[in-house]
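# Residue-level structure breakdown
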Amino acid sequence: MTSKTTKGAGLGVALLAALAGTALADDKLTELSPDGKDACFGRVYDAAHLKAHPNQKVARIFFYYGSYPVSHPNEEPSSGPSGYNGFVATTVRGAKKPEWVGGWCGKDDPQSSEIRCGMECDRTMASLNLDEKGRLIISGVQRNLYLDAGAEDELGEKEFTRQALGTEDDGFRLDPMPAQTCKVEFARIDPIDPALGAPLRERLKPDQPFCYGRDYDAAHLGSHPAQSTQTIRVFRGPIELASFAMDGDPASWPDGADIAVSVTTRHKAAKVTQSYSCEGEADQWRCVASAKTSDFSCDIAAREIYLRRGANGTMMLANPNSSLPIVDLCSKAAEGETASDDKVYRLEPMPQSACTP
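Quick summary incoming for the structure in this document. Everything numeric here is computed off the predicted structure, so don't read it as measured data.

Assignment of secondary structure puts V288 in strand 13 (residues 284-289). Each C-alpha atom of the pair V288 and I259 lies 9.8 Å from the other, and the pair is 29 residues apart in sequence. Sequence-distant contacts of V288, that is, excluding residues within four places in its chain, are made with S275, Y276, S277, I300, A301, R303 and E304.

With that out of the way, let us pick up unusual backbone geometry. In this structure, P254 follows W253 across a cis peptide bond, with omega equal to 10 degrees. Assignment of secondary structure puts P254 in the loop between helix 9 (238-247) and strand 11 (257-265). Within the chain, N312 stands out as a residue other than glycine whose phi angle is a positive 55 degrees. Mapped onto the fold, N312 is located in the loop between strand 14 (304-309) and strand 15 (315-318).

On inspection of all chains with the given rule, the structure shows 11 aromatic pairs. Taken together, a centroid distance of 6.4 Å and an interplanar angle of 50 degrees make the contact between Y45 and F172 tilted. Pair noted here: Y45 is in the loop between strand 1 (39-44) and helix 3 (47-52) and F172 is in strand 8 (residues 172-177), with a separation of 127 residues, a long-range link. As far as the burial class goes, Y45 and F172 line up, both buried. Ring geometry for W253 and W285: centres 5.5 Å apart, planes at 90 degrees, overall edge-to-face. Placement of the pair is W253 in the loop between helix 9 and strand 11 and W285 in strand 13, with a sequence separation of 32 residues. Each member of the pair, W253 together with W285, is buried. These aromatic residues form a ring-pair network of at least three members: Y64, Y68, F87, W100 and F186. Looking at R236, its charged tip hangs above the ring of F244, at a distance of 5.8 Å from the centre.

Definitions and cut-offs
- Residues numbered from 1 in each chain as written.
- Predicted model: local features only at pLDDT ≥ 70, side-chain atom pairs only at ≥ 80, totals over all residues.
- Heavy atoms only, no water.
- Helix = DSSP H or I, 4+ residues; strand = E, 2+ residues; numbered from the N terminus.
- Contact = heavy atoms within 4.5 Å.
- Phe/Tyr/Trp six-rings, centres within 6.5 Å; stacked < 30°, edge-to-face > 60°.
- Buried < 20%, exposed > 50% of the residue type's maximum accessible area, 1.4 Å probe, protein only.
- Lys NZ or Arg CZ within 6 Å of the ring centre and 35° of its normal.

Below is the structure:
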C-alpha cells in the first residue's frame, strides 16, 4: 500500500473488508446524519488563525459523510455500495488542491459518543465527536494520514516533515455545511473534463456495432519516423456481437466484450486483425489479446491494450507494452514497453463499413 499514489484510485478498486463494529454506508449514524442524508462539515482557516498556529499546515478541511464523493464516469459494472462512508479532504498552505482519504465510520461502544473512522490496512483515520453546537470535532489525526505506515523511518525526518501533516494538525472543529459544499470541495481534487462526456460503456451498447479508426497520411508519418502504424481500426462487428449475445451478460457490460483491432503498417500494407477480450477497470477498458482470430505459440495473456473515452466523441487507445499486431505478439519485439511511437492513438468514430474485415 502506497498512500501517496493510491489514496484516490485505490478506494474504488480495492477489495474491501468491513471493520468490526463499524457501520456500513446503508446504516447511517444519526449523530452525523439525523435526517439520513449525506452530511458535510468544514472550516477554512483565516490568516490570523494560521499565523497564531505556525505548526498547522492545514488551511482548509472538510469532512463528508455519505456516498463516494470523488466519482468520475467509470467503466466498471455497478457492484453495489462501497463500505466507505466517511471522507476527509484537507488543503495545506500554498497547495492548489486537496488531498483526501476515506474510511468506515462507526462506534466501537454503542454507549459512547465517540465515532471512530478506520481505513484500509487497519489504520485509523480519525475520531469524531459533536459539541453542544453541533460542530464536528476531529481528533486523533496522525501526521502520516496520507502516507504509508512507517513512512517516517523510510523517508527520513526531513522528508517526512515536508510531506506529513503538521504537529498542530489535529483537534479540528468544523461547522455544519450543506452537502453540496463538500461535493464542490471534493470536486477540486480531480476535476471532470466535460469534453470527455459519458463513459464508453454508456456510449457503446452491448448489442450494437461500432467502428473507430484513423488513417495516417504521409505528412504525419514523415514527422513521426518511429511510428509503424499507418491505419488502425477498433471495432465490434457481427462476430463480436454474436459472441457476447451467446456468452455475455448485459448487466456486467463491458466485461466479456470482444473487440477486434485491424492495422496496416508503413512496412506491410496487408491488414492484420487481432481479437481482444475486454473488461471495465476504473476509467478504461482493459483488453487482453485472445486466440480467437489466430493461433499462438506463446502465452499472450499479458498482451493488453486500454481503451478510454476521448474528447468530443473520440476514443483513446493505449498500447504501453507492445500488444498491437504491428509486431508478432510472440516475438522479442513484443517484449517489454513499446519502444516506438505506437503508444497512444486518438481514434475518430467511423462508419461500420470502414471496419469491414
